[in-house]
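# Residue-level structural notes
Below are the chains, spelled out letter by letter.
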Amino acid sequence: MPFATYYGPNTTVSEECIWIADGSRRVCISYDYNTSTGILRYAATVFRCERIDTEDGRYAYIEPSEQQMVDNSFTTARRYDIRPVIIQATTGLSYDNILSTIRHEMCHGYGCKGPRGLMTAFQDVGMDYSDHGSDGESSVNSFLTDDDNMSCDEDYMPIDWNKLERKRTRTLRYIGTSKFENYFGIRIPVTREYFIAFKADKNNGHLIYGAAISRRPTDDHETCPMTDELVDGHFKTAMARMDKSPVFLEVSEEFRHQLKKNATHREDVMYEIIDRINERDGGRLAVRGF
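The structure contained in this document is the topic of the report that follows. Keep in mind the model is a prediction, meaning the values are calculated, not measured.

### Some remarks on the overall build of the chain
Secondary structure assignment for the chain yields seven helices and 11 strands. Taken across its 290 residues, the chain has 42% of its residues classed as buried. The long-range share in the chain, meaning contacts at least 24 apart out of those at least 6 apart in sequence, stands at 65%.

Here it is, written out as structure tokens:
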């Protein structure tokens, strides 16, 4: 008979070298997640499958061979032991949400492996994440360096800031839904309007942005439209933030065509930026880098 499982005060969920199919990618992940504290540790590698198109318009992906899976699993295990990503996630995540959180962090955060010294910062929360590597990485661990170019991980390339800064600036404007919020000590319906300036590389999805937010009572927003002068001022603020302290994100592959010059719309890119803004870095809306 099936059993009903549930989390307790000391429940930890973990898997080693689990594989996920995500479009043309095959992702190998090792992780552990403390359901009570929300501390999530993971490392991963990504294998990009070759696509074969048929004459009738269909396509298929060539799956990784057994040896390729073994190689990726080895790299994942080593990264997990030596240089994992460690983040504070929401407590009590379901299994699917654990994997979704990891994939989101891979695409929009640290990526497949964590920065050097990250485990030290988490030793004071009761997790035994000792760093097995020495201060100077040996040749055995050279695949963990920032400039590695493994074929299994080719999608996670270093950010070329100079190239992004040379890209054309584009703007987006989004009016959010009305919500009850505290507005000068009174809870009333408030509407947020987002003004975004961004530059992006359509080839790899790398994007930098700055944003400004107008927050007004919904009644005022509907009866007193913003003047062109105010609109221009908000866009200038967004551009200044992008130039001085940009926020980086990687646009999902399925939406990168919207970064092209003649794209018919950029709606999905806009929503990914809005989601990033509302993630709140250190409690602050991510309208600029800190």
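### Re the pattern of salt bridges
In this structure the tally under the stated criterion is 13 salt bridges. Here E181 makes a salt bridge to R192, at a shortest N to O gap of 3.1 Å. Taken together, the positions of E181 in strand β8 (residues 179-183) and R192 in strand β9 (residues 186-200) put the pair 11 residues apart, joining distant regions of the chain. In the salt-bridge network here, residues are joined through shared partners; they are R25, R48 and E253.

### Observations regarding helix α2 (residues 95-108)
Taking 1.5 Å per residue as the helical rise, α2 with its 14 residues ought to reach 20 Å, and the 20 Å between its terminal C-alpha atoms agrees with that figure. Along α2, the residues classified as buried are I98, L99, I102, R103, E105, M106 and H108. Contact partners of the buried residues in α2: β1 (12-22), β2 (25-34), β3 (39-48), β6 (85-88), β11 (247-250) and α7 (267-277).

### Focus on the packing of aromatic side chains
The geometry of an aromatic ring pair is captured by two quantities: the separation of the ring centres and the angle between the planes. What the rule picks out here adds up to five aromatic pairs. A centroid spacing of 5.8 Å and a plane angle of 45° characterise the contact between Y174 and Y194, whose relative ring orientation is tilted. Here Y174, found in strand β7 (residues 170-175), pairs with Y194, found in strand β9; they are 20 residues apart in sequence, far enough to count as distant. The class for Y194 is buried, based on a relative accessible area of 5%. Ring plane angle 80° and centroid distance 5.7 Å describe the contact between Y174 and Y271, whose orientation is recorded as edge-to-face. With Y174 in strand β7 and Y271 in helix α7, this residue pair connects regions lying 97 residues apart in the sequence. Joined through ring pairs, the aromatic side chains of Y174, Y194 and Y271 make up one cluster. Positioned over the ring face of Y80 is R41, at 4.2 Å from the centre of the ring. The residue whose ring lies beneath R51 is Y59, and the NZ or CZ to ring-centre distance is 3.8 Å.

### Here's the deal with the sheet that holds β3
Within the open sheet, the four strands sit side by side as β1-β2-β3-β6. Their pairing is antiparallel. Strands with a single pairing partner mark the edges of an open sheet, and in this sheet they are β1 and β6. Sheet twist, expressed as the mean angle between neighbouring strand axes with direction ignored, is 25°. One ladder, built from nine bridges, connects β1 with β2; its direction is antiparallel. Paired with V13 across the strands is Y33, a residue of β2. Along the sheet, helix α1 (residues 66-82) makes contact with β1, β2 and β3, crossing β3 at roughly 150°.

### What about a positive patch on the surface?
Positive charge collects at one region of the surface, where R168, K202, K260 and K261 lie side by side. If you trace the backbone, K202 turns up in the loop between β9 and β10 (206-217).

### Looking at the nonpolar core
Residues I196, F198, L207, Y209, I273 and I277 are the most contacted members of the largest nonpolar core, which totals 22 residues. Sort the elements by how many residues they give to this core and α7 lands first, with five residues. Setting aside chain neighbours within four positions, we find I196 in contact with R170, T171, L172, Y209, G210, A211, F235, A238, I273, I274 and I277. Ranked by size, the runner-up nonpolar core spans 19 residues in total, among them Y42, V46, L99 and C112.

Conventions we followed
- Residues numbered from 1 in each chain as written.
- Predicted model: local features only at pLDDT ≥ 70, side-chain atom pairs only at ≥ 80, totals over all residues.
- Heavy atoms only, no water.
- Helix = DSSP H or I, 4+ residues; strand = E, 2+ residues; numbered from the N terminus.
- Buried < 20%, exposed > 50% of the residue type's maximum accessible area, 1.4 Å probe, protein only.
- Contact = heavy atoms within 4.5 Å.
- Salt bridge = Lys/Arg side-chain N within 4 Å of Asp/Glu carboxyl O.
- Expected span 1.5 Å × (residues − 1).
- Phe/Tyr/Trp six-rings, centres within 6.5 Å; stacked < 30°, edge-to-face > 60°.
- Lys NZ or Arg CZ within 6 Å of the ring centre and 35° of its normal.
- Pairing = 2+ DSSP bridges.
- Axes fitted to C-alpha atoms, helices over the stretch in contact; angles between N-to-C directions.
- Patch = residues over 30% accessible without salt bridge, like charges linked within 9 Å, V, L, I, M, F, W, Y side chains within 5 Å.
- Areas by Shrake-Rupley, 256 points an atom, 1.4 Å probe, with all protein chains shown as cover.
- Lys, Arg positive; Asp, Glu negative; His and termini not counted.
- Charge placed at Lys NZ, Arg CZ, Asp CG, Glu CD.
- Core = buried A, V, L, I, M, F, W, Y, C linked by side-chain atoms within 4.5 Å.

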